[in-house]
Every structure is written in structure tokens, then in C-alpha cells.
Amino acid sequence: MDPDGNEAPADNGNETPAGNGNETPAGNGDETPADTPPDSQLFTCNASKSPMFKSRDVLNMRISADFTKLNSAPTKEESGSQAVIELSDQSGAAPITANIIARGVSRFHCGFRPFSLKFEEKQKDNIFAHLGKSVKFVTHCGDREGLSPTLKADSLETYEQRLLMEDTVYQVLDQLQVPSLKTRLVRLTYHDAPTGKEETHLAFVREPEDEMAERCGMVEWEDLSGVDTSQLKVDQHGLVLLNLLNDFVIQYDGIDGKNLVHMADLDRQAIFYAPYDFDLVGVSRPDYVANEGRTLEQNRDAFADWLRRNQSPTLFDQIDMMLARADQMQRAVDQSSMNEENHEVFSRWLSLYLGLLRDFRACEGHTDDPSRPLCHVEDDHGDGPDSASVVDPGEWSARVEPPGDVDMFAVDLQASTLYSLGGRVPLELFDAQQNLVASASDRTVSFMPSQTGTYYLRASLGEQMVTSPLLPRPEELDRYISLYTDDHGASLETATTLETGEAGEGKWELAKGEDEDWFLLSAGASANVHVELRDTDTGRIEVIRRGAPAEELPLEEYLLEGDNDVSWLFEQPGEYVVRVIQMIGLRPNGSYTMTVQ
């Protein structure tokens, strides 16, 4: 993300929005989605109070500033100058003054850098009213020496068409009245104050993140200074919507925490995200490396697979909302100034994707019907003791999908034997009477059964989404699970005590996972601790002194095959918890000897 810093929230006052009285209204005026039950509209955002977004007409604007410096300074901090903004659509209106400064990450290297206008105070009675003290502009990029192949275009027309396509994606999502940034096209005349040169190009104004958050009943994360956020949890309904929107526009740059507006609903103690920055989406830029040149049809098929894996009441509600606004989304494309070729691409995209959503909407209640491949999710393991898959202690995998799916395994365990349980899905282990014996979520758990017999392991993600990227990696579908006999436990209760002068022998039992062996040992100021690693490439040791102050962090070191002197980890006298950890993806089933002298 590219935050502006601690901006003040948009003004809530009652000023009359400034305008010229003859602009085309933005949207169609029906703020409540047609034919959508109130309970299905999970996210309803109010219209913006700013006159900037009361119209979709292109705004004619002239900015006088030191654009030579803005577009050539080596850093953003050195790019700033005084700017004077004039609106030719509003004759007689007084010029507006602001500071102008370059912004962007990859686009900072463009010939025409994106920029922010920063005002001394919040504006009133002009086009920037209710937009806070900083407003961002997205520009057409333009040639520059050394510009990356991703950003470089073959002509000025291509640069401007890319900008129009990005704006159109924003306009399409804006019709849904969910958390999404508003935009307004600007025909911008750049007046370079030092040289007097002028040139005119298209740009667009992007709504400030805090303004969008406020009109959607939330607070942008940047404005939560001094607020305790430790109890806030990511809202699952919001997460479904976020991924649905990103996948709908084929946004690969919107995963792994990138290009997201981070917000909080303090009343609901929930975290929400909104997608933005749509210059490289698969609709308009299939040539972008992350899009791998896939056609719209190929992306639609991947989207269908994502929908099938994640079908849930929440997803169907969100799709209802999108289908109810299908005409408005198409109208946003029709009203765009894109050329004929790009209009055709965007119209075909909406036709393919909305057609898929209509077909998929009929899947509700038909997950178990193998004759409906768009709907059916084959269950690889039963969901109860009677249909549980019989397994031996060890390692295996499961596909826990769609949300709400449960996979059950039956495994015979021996009394008074040390076992460890873990994986990449929350797990619960029950005895034959369905009493909970052990559970694991974020880390490996060790235990000893009190009785010999058949136990039942339950794997489920609850209502969480199954995958978030459009094309999931295999490990996100095949959830790794391990329940295995262990030589040393992975908790304080099952840790092995190692006395000075002793040698502790250990073996990593797993072929694909990350076995942990825990030890308790006492070390003096001159402790001599070695770990000899055998039959594997590397491992890791982590130690923490018991009773140490909270700010004293664990110490760790990577282990190589052969002898490893780790004495420096024990320089302070005391009792230590030691974790000797297997590394995933290397030679499996290594062994080691740890000695304390």
C-alpha cells in the first residue's frame, strides 16, 4: 500500500457541495441494490459527500507547479513544490493552492509520476470538499529511460487507454456499493511553472482511503493511533467479499497483503479490507507476468473452481448482490471512454463472468450432486466416525472443502505412548466415547493416550475460506496432517530433561513435516553445548531461558550437518527450554545427538 500518512478524517460538516450544476450524475440514483433482500446486503456504503464524485463527467483541470522537479527528483521528499489548481468547468471560481508531491512505488519511475495534492486545511465550497487534506491522482505514466517493461507502452494512446481501463475497473466495483474507492477522470493540463510549458493528458482522482472507510461505517487503520486493536479479528464475510472482488477482476496483485485498504469496524470489533490499484488486472493486462497470458476463458474456468471450492451461504449472498447490479456494472463499461477494442474486452469479461455467477448461483444445495460439475465437491474423507478413513499413525493429507467440510480419520493408538499431532488445518482428537483428547491449531501438540484403542481425528476449517488466491498452490488444497509416534514431546509437559554430562539422542520422524523435539536443561555460565546433526542438510535450534523477562526474546541458530557448537545460546546461567526443529523440504528423517558439558 501507499498511504499518505496520518490524514484527518473527511469532514462531516453540512456544507453545500460545490458544482457547476450541469454535470451528469454518477450512478443511477438507486442507492439500494435492486431486488436484493436487506439481509443479503452485508455491506452497504453511503454515497460520497464530496462534489468530486457527484458526476462521471470528465473534469477539466489545470495545475501549475514545478513538474520538472516532480517527475525527475530522486526521492519523493525532494519532488514537492507549490501548486495552483484551476477548474475550467467552473468559470469565476478562485484558484486553489496546495503542495504537490510525487507518490507511487513502481509508478514512481514513470515519466509522469502519480502525485498527491496536500492542503493546509480541509477544503470547503470547492471540488475537493469532504476529501480531507490529501488527495491522490493517478496519471498516465508516460515514457522514461529505464522504465520497466511492465509499465512501458508503445504509444501515448496506449498509456492513456491503460489509465481508462484501470478507472473502469474502479467504476464497475463502485456500482456494488461495497467498500471500494471512488474515482473521477480528469483532463489535466500540466503547466510547468519554471519553463512555462504545458501539455494535457488524462488522469483520475482517487478517493482518500479514510473517506471511503468513513462512508462505509469504518475507520482506516492509519487513523487508529491510540486504539487497542489486539482484540480485532478479520471478518470472514468481509474476507469472502474481498477475494470475490479480487478474483472477479483477476487481481493477482491483491493477494498476500498487497494493494489493500486496511479498515476496522470498532463496533463489531472486526477487520475489513478493500481492494485497490487495478492497473495490472488480468482483464486489461494479460501480458503482466503474474497473469501468465491467460485468456478470459481460462481465468473464468479458474474462477469457477474457486467458487466451487468456497461455496457457502455468505458467498451466495455476495453473488446475489453482484447479480442484482449487473446492469449497472455493464453501464459503467458502456460509459467509459475506452476505445472500441477495449470496450469489447471489458464487455466480454462481464458477459463471461456474470454468466458464470448466474450459473453458479443455482448450485446452492447441490454440492453432493456428481452430475453437476460446477457445483460438486467430491469429499475425500467421511465426516463422522462411521465414515472415517482408516489410517495408521504417520503423515497424510486432506482437502477440507468447501467451507464447513469435516474430514474424519480413524487411527489405532497405544496407551502410554508419546504421540505428536499437527498440520496445516485445525485438528481435534477424540476417543471412542467422543471425549476430546487433544487438539492442535497453530503448532504441534504432544500427548499420551490413557487407553489403547481406536481414536478419531477431526479436521475442519470451520467456515473459513478454503483458498484465497485465484489459482491456489497445491499445499493450500492438500492440507498436511500428521499424527505420529514421537521420541521427544513438543511441549513443556512432554519435554525431555537433559542433565549436564548427558547426551540426548533424537530422531526427526517426519518425511514432509516439521518435527519438534523439546528438552529442559540447566546450563552454567561456561556451558559447552553441541548438536551433531546426521543424515540431513540442516535444522534449527531455539532456546529460551525460563523465568526470563518478557522482553528477552528466544535465541536461535541454524544447524548444519555435522558438529554444531551452540554454546553461545546459553551464556546466562539458568534453566532453558530447548527446541530442536526439523526443516521442511530437506532430506527427511534425520537424527542428532545433543550433549551438555
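Residues numbered from 1 in each chain as written. Predicted model: local features only at pLDDT ≥ 70, side-chain atom pairs only at ≥ 80, totals over all residues. Heavy atoms only, no water.

A.B. asks: What is the right way to look at the overall build of the protein chain in this model?
C.D. replies: Of regular secondary structure, the protein chain possesses nine helices and 27 strands. The dimensions of the protein chain, computed from C-alpha atoms along their principal axes, are 90 × 65 × 45 Å. By residue count, 53% of the 597 residues in the protein chain fall in the buried class. Expressed as a percentage of contacts within the protein chain between residues at least 6 apart in sequence, the contacts between residues at least 24 apart total 72%. With the model as given, the accessible surface of the protein chain reaches about 26,100 Å², and the carbon-plus-sulfur share is 47%. Separation of charge centres in the protein chain, based on 51 positive and 105 negative side chains, amounts to 6 Å. (Helix = DSSP H or I, 4+ residues; strand = E, 2+ residues; numbered from the N terminus. Buried < 20%, exposed > 50% of the residue type's maximum accessible area, 1.4 Å probe, protein only. Contact = heavy atoms within 4.5 Å. Areas by Shrake-Rupley, 256 points an atom, 1.4 Å probe, with all protein chains shown as cover. Lys, Arg positive; Asp, Glu negative; His and termini not counted. Charge placed at Lys NZ, Arg CZ, Asp CG, Glu CD.)

A.B. asks: Please clarify how the pattern of salt bridges should be interpreted in this entry.
C.D. replies: Taken as a whole and assessed by the stated rule, the structure comprises 30 salt bridges. Put simply, Glu364 and Arg361 hold a salt bridge, and the shortest N to O gap is 2.9 Å. Each member of the salt-bridge network shares a partner with another, and the members are Glu516, Arg540, Glu542, Glu556 and Arg579. (Salt bridge = Lys/Arg side-chain N within 4 Å of Asp/Glu carboxyl O.)

A.B. asks: For this particular structure, what's the right way to read the environment of Asn310?
C.D. replies: With respect to the element layout, Asn310 can be found in the loop between α5 (296-309) and α6 (313-324). Not counting the four nearest positions on each side in its chain, Asn310 is found in contact with Leu315, Pro402, Pro403, Met465, Val466 and Thr467. Polar side-chain contacts of Asn310 include one of 3.0 Å to the backbone oxygen of Trp306. (Polar contact = N/O pair within 3.5 Å; in protein donor to acceptor, adjacent residues only side chain to side chain.)

A.B. asks: Help me understand the confidence of the model for the protein chain, please; the structure alone is not making it clear to me.
C.D. replies: Do not read the fine detail of predicted coordinates wherever pLDDT is low. On average, residues of the protein chain score 90 in pLDDT, and 92% of them reach the 70 mark or higher. Scored below 50 in pLDDT, residues 27-41 makes 24 contacts in the model with residues more than four places away or belonging to other chains. (pLDDT = per-residue confidence, 0-100.)

A.B. asks: Help me understand the nonpolar core in this model?
C.D. replies: In a soluble, globular protein the nonpolar side chains are often hidden away together inside. In terms of nonpolar packing, the biggest core is built from 66 residues, with Phe248, Phe303, Leu307, Met322 and Trp349 touching the most fellow members. If you tally residues by element for this core, the top one is helix α8 (residues 340-361), at nine residues. Those residues in contact with Trp349 that lie beyond four places of it in its chain are Val172, Phe248, Val249, Val283 and Leu296. Within the second largest apolar cluster, 30 residues are counted, among which are Leu59, Ile85, Ile100 and Val186. (Core = buried A, V, L, I, M, F, W, Y, C linked by side-chain atoms within 4.5 Å.)

A.B. asks: Can you walk me through the state of the cysteines in this structure?
C.D. replies: Within this structure, the stated rule accounts for three disulfides. With a sulfur-sulfur separation of 2.0 Å, Cys45 is cross-linked through a disulfide to Cys216. The S-S bond linking Cys45 to Cys216 shows a torsion near 115 degrees; that makes this disulfide right-handed. Placement of Cys45 in the segment before β1 (59-65) and of Cys216 in the loop between α3 (209-215) and β8 (219-220) is noted, with a sequence separation of 171 residues between them. Take Cys45 and Cys216: they sit in the same class, and that class is buried. The partner cysteine of Cys363 in its disulfide is Cys375, sulfur to sulfur 2.0 Å. With the S-S dihedral at roughly -70 degrees, the linkage between Cys363 and Cys375 falls on the left-handed side. Taken as a pair, Cys363 in the loop between α8 and β12 (389-390) and Cys375 in the loop between α8 and β12 lie far apart in primary sequence, twelve residues in all. Neither residue differs from the other here; Cys363 and Cys375 are each classed as buried. Each bonded cysteine of the protein chain is numbered by sequence order, and under that numbering the disulfide pairs are 1-4, 2-3, 5-6. (Disulfide = S-S within 2.5 Å.)

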